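For reference, the chains in residue letters:
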Amino acid sequence: MSERSERSGDPAAGAPRPFSARFRIAAAVACVALMGVVLATRLGDDGDEKDTATVAEVEPDVDVATTPESESSADPSAPSPFTFEEVAAEIGITHTQGDPVLPPECLFSEPGDPPPREASREAIEALAACQEERSAGGVAAGDFDGDGDADLYFTRLRAPGVLYANDGSGRFTDVTEEHGLDQGPMNGNGAGWADLENDGFPDLYVTTIADDRFHLFMNDGSGPFTEEAVARNVALADDEPRAGFTVSFGDIDNDGWTDIHTTEWTAPHRYGEAPSSHARLLRNRGAAEPGVFDDVTEAAGVVLTDTPDNRGDETPADMVPRDAFGSTLVDLDGDGWQDLLVASDFGTVRMFWNDADGTFTEGTADTPFASVSNAMGSTFGDVDGDGDLDWFTTSIGFLDTCEPPGCVSEHSGSKLFRNDGGRRFTELTPAAGVVDVEWGWGTALADLDVDGNLDLVATNGYDPGVPPSPSKDFAGTTDHAWVGDGTGSFTDVSTDAGLGPDGPVPDGDGKGLAVADLDGDGVLDVVIADTGAPPRVLLTRPRQAGHWLRIAVRGSTSGREALGAVVTVTSAGGRRQVRHIGVATHFLGQSELPAHVGLGQDTDPVEVTVRFPATGEEVVVPGVEADQTIEVAEPG
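Caption draft 1: Summary view of the overall build of the chain. If you tally the helices and strands in the chain, you get three helices and 38 strands. Within the chain, the fraction of its 636 residues that count as buried is 62%. Sequence-distant contacts, at least 24 apart, represent 62% of the contacts inside the chain between residues at least 6 apart. Put simply, the chain shows about 21,700 Å² of open surface, and 48% of that area lies on carbon and sulfur atoms.

Caption draft 2: View of the packing of aromatic side chains. A full pass over the atoms with the stated rule returns 20 aromatic pairs. Ring geometry for Phe245 against Phe325: centres 5.4 Å apart, planes inclined by 80°, an arrangement best described as edge-to-face. Placement of the pair is Phe245 in strand β12 (residues 244-250) and Phe325 in strand β16 (residues 324-330), with a sequence separation of 80 residues. Neither residue differs from the other here; Phe245 and Phe325 are each classed as buried.

Caption draft 3: Here's a closer look at the side chain of Asp203. Mapped onto the fold, Asp203 is located in strand β9 (residues 203-208). Buried charge without a partner: Asp203 forms no salt bridge, and the closest opposite charge is Arg232, 7.0 Å away. A polar side-chain atom of Asp203 sits 3.0 Å from the main-chain amide nitrogen of Leu196. Non-local contacts of Asp203, meaning those with residues more than four positions away in its chain, are made with Gly192, Trp193, Ala194, Asp195, Leu196, Glu197, Leu216, Phe217, Met218 and Asn219.

Caption draft 4: Quick look at the state of the cysteines. For the coordinates displayed, the defined rule picks out one disulfide. At a sulfur-sulfur separation of 2.1 Å, the disulfide partner of Cys106 is Cys130. Between Cys106 and Cys130, the S-S torsion sits near 75°, and that sign places the bridge as right-handed. With Cys106 in the loop between β3 (82-86) and α2 (121-127) and Cys130 in the loop between α2 and β4 (139-142), this pair connects stretches of sequence that are 24 residues apart. We note that Cys106, like Cys130, is buried.

Caption draft 5: Focus on the pattern of salt bridges. Under the definition given, this model contains 23 salt bridges. As a salt-bridge pair, Asp238 and Arg242 come within 3.3 Å of each other at their nearest N and O atoms. Residue classification places Asp238 among the partly exposed residues on the basis of a relative accessible area of 25%. By relative accessible area, Arg242 is classed as buried at 1%. Its salt-bridge partner being Arg541, residue Asp521 comes within 3.8 Å of it at the nearest N-O pair. Note that Asp521 is positioned in the loop between β28 (510-516) and β29 (525-530) and Arg541 in strand β30 (residues 536-542), a separation of 20 residues in sequence. By relative accessible area, Asp521 is classed as partly exposed at 30%. Looking at Arg541, the relative accessible area reads 31%, which means it is partly exposed.

Caption draft 6: Inspection of the environment of Asp449 at higher detail. Considering the arrangement of structural elements, one finds Asp449 in the loop between β24 (440-446) and β25 (455-460). By relative accessible area, which is 8% here, Asp449 ends up buried. A sequence separation of 95 residues divides Asp449 from Gln544, and the C-alpha atoms of the two residues are 7.9 Å apart. Each residue touching Asp449, except ones within four places of it in the same chain, is listed here: Pro81, Phe82, Asp455, Val483 and Pro542.

Caption draft 7: Up close: the sheet that holds β4. The five strands lie next to each other as β7-β6-β5-β4-β34, forming an open sheet whose pairing is mixed. With one partner strand each, in any of the chains shown, β7 (172-174) and β34 (589-590) form the two edges of the open sheet. Direction of pairing for strand β5 (residues 151-154) relative to strand β6 (residues 162-166): antiparallel, over a ladder of three bridges. Bridge pairing in β6 places Leu152 opposite Tyr164.

Caption draft 8: The arrangement of the sheet that holds strand β27 (residues 490-492) in detail. Pairing in this open sheet of four strands is antiparallel, and the strands run β24-β25-β26-β27 from one edge to the other. One side of each edge strand has no neighbouring strand; the edge strands of this open sheet are β24 and β27. For this sheet, the mean angle separating the axes of adjacent strands, direction not counted, is 20°. By the bridge criterion, five bridges tie β24 to β25 in an arrangement that is antiparallel. Note on β25: the bridge partner recorded for Leu445 is Leu456.

Caption draft 9: Up close: unusual backbone geometry. Note the cis peptide between Pro103 and Pro104, where omega equals 10°. Within the secondary structure, Pro104 is located in the loop between β3 and α2. A positive phi angle, close to 55°, is found at Asn254, a residue other than glycine. Assignment of secondary structure puts Asn254 in the loop between β12 and β13 (259-264). Under the relative-accessibility criterion, Asn254 is labelled buried at 13%. One non-glycine residue with positive phi stands out, namely Ala356, at about 65°.

Caption draft 10: Highlighting the environment of Thr348. Relative to the helices and strands, Thr348 resides in the loop between β17 (339-344) and β18 (350-354). Of the residues examined, Thr348 reaches a relative accessible area of 1% and is grouped as buried. On a C-alpha basis, the gap between Thr348 and Ser373 in space is 8.0 Å, while along the polypeptide they are 25 residues apart. A distance of 2.5 Å separates a polar atom in the side chain of Thr348 from the backbone oxygen of Asp345.

Rules of the game
Residues numbered from 1 in each chain as written. Predicted model: local features only at pLDDT ≥ 70, side-chain atom pairs only at ≥ 80, totals over all residues. Heavy atoms only, no water. Helix = DSSP H or I, 4+ residues; strand = E, 2+ residues; numbered from the N terminus. Buried < 20%, exposed > 50% of the residue type's maximum accessible area, 1.4 Å probe, protein only. Contact = heavy atoms within 4.5 Å. Areas by Shrake-Rupley, 256 points an atom, 1.4 Å probe, with all protein chains shown as cover. Phe/Tyr/Trp six-rings, centres within 6.5 Å; stacked < 30°, edge-to-face > 60°. Lys, Arg positive; Asp, Glu negative; His and termini not counted. Salt bridge = Lys/Arg side-chain N within 4 Å of Asp/Glu carboxyl O. Polar contact = N/O pair within 3.5 Å; in protein donor to acceptor, adjacent residues only side chain to side chain. Disulfide = S-S within 2.5 Å. Pairing = 2+ DSSP bridges. Axes fitted to C-alpha atoms, helices over the stretch in contact; angles between N-to-C directions.

As structure tokens, this is what we get:
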């Protein structure tokens, strides 16, 4: 528990006023407006222009740590201690996520849908059919062949996903057909690797858009994968509208078997059509039937199609949220049990605390998380060095001043929340300098310059494929990188790191993001899945060489991958760095599992401690030299 837990006081003191139902309806309209259709005026049933649309004004009352504008580190031209080099095609990653289409060719288009043109009611409704796929593009880093390096799987639309094997030097070979993944799914979106049978070989789970189910490819290490989602009760098959996004993994009951949580975001106008949700919690049956699952969403108390506890009864029945972009099973209160935090659109972030008995209790109302207007990307890390995990989430950075016509609602920008212990959080934005990410998606906290402090990277961009909104054009916006100082403050170094229209890294419409040491140099690289384009692979080049350590964790009682294990690296001077296994990135991107820490210029041996989740047992490894990957195994 953090030392700051004594400051907790009234548990509701940090809770913001929830977004109203009026804001939610306005924000739903805004999603279509910002896709490129001008909704500054309301349209009557006949499609004629009526009176000017009302701007939704939301000023949530949030516990915020602030500094004067001049002290915020928001200048992207600041010097960077690292640069990025884009190398995707050079290292063998050459596919395209899909060809962007417009109505009536979108996955949810209806026959006879008109193409987008003027702001007619028909064109607005037709364009909404494209929303889910214009937000798509996933990547998962995992060692599927057990050779110790990060392989990559990318999802695609209207084509099977692509599996690339890493040769150990950071060069990749397309092995999709060789491993039986060339037959589908055709419209994959989220993807993740997890060892669901504890056999030592990670399996691959893939969510889909406009399909009738999700897919699970089992890996026995001997050859082609076998698709077994239906047999293992994880297909979530039905004929309801479906738009699967992120899949996450953890062990909700500490039985040593990996469980699954899926998320789904569907366009607001489809809420009434979808009485069920494909955002589900799936519990592994364990030793009795390894890798076979039961849907425990209702029994565990983590249903997402009800009204969040910070809203009261304000949300209309036809507007209940199906807006979950990403979820994470992560121990945020330090009790040894993984909680569930769901990054969700329209102010519907959900925080569920694990009760250690198979059920969860919602605690959203006692957090400031409702202040996030459009939570999308999600990443966890100890940004201030106090030993617990803080949370950064990307959102829409619609912060510039605008007036009707063109404005529909304001957006909060991205948010950084400090974990104060005792289930208390304080928002650090904008003091931390990380608020404006335009239209933010995938993100990761990672020590990119190996100096011992967590840095931050985020991708963004939204291309509706039609003339831009009069408010702002978010297509092809610049990705961002910030350098952390170890206290919770960051400096935007995007331009000097090579990002931006004048830099060596091209802009794109990034969605999923993952970090992994692709070339074995001890530095974490960045992989971005772009919508309707080839992915980008950014090799990270620190300007000053530093030392590092990579820790692979192997469990027994806690499961082969020991998801949720806590790794602590203590330097000779007493400084502690904490990592949790499996919680790095959670929007259409899965980062590599091994913990990575930077050691800066320190060459003294360090002590590595791993606390395993199922038993609470700690393994201490003293005298570990820098610049290597070590494996720490759970006894038993």
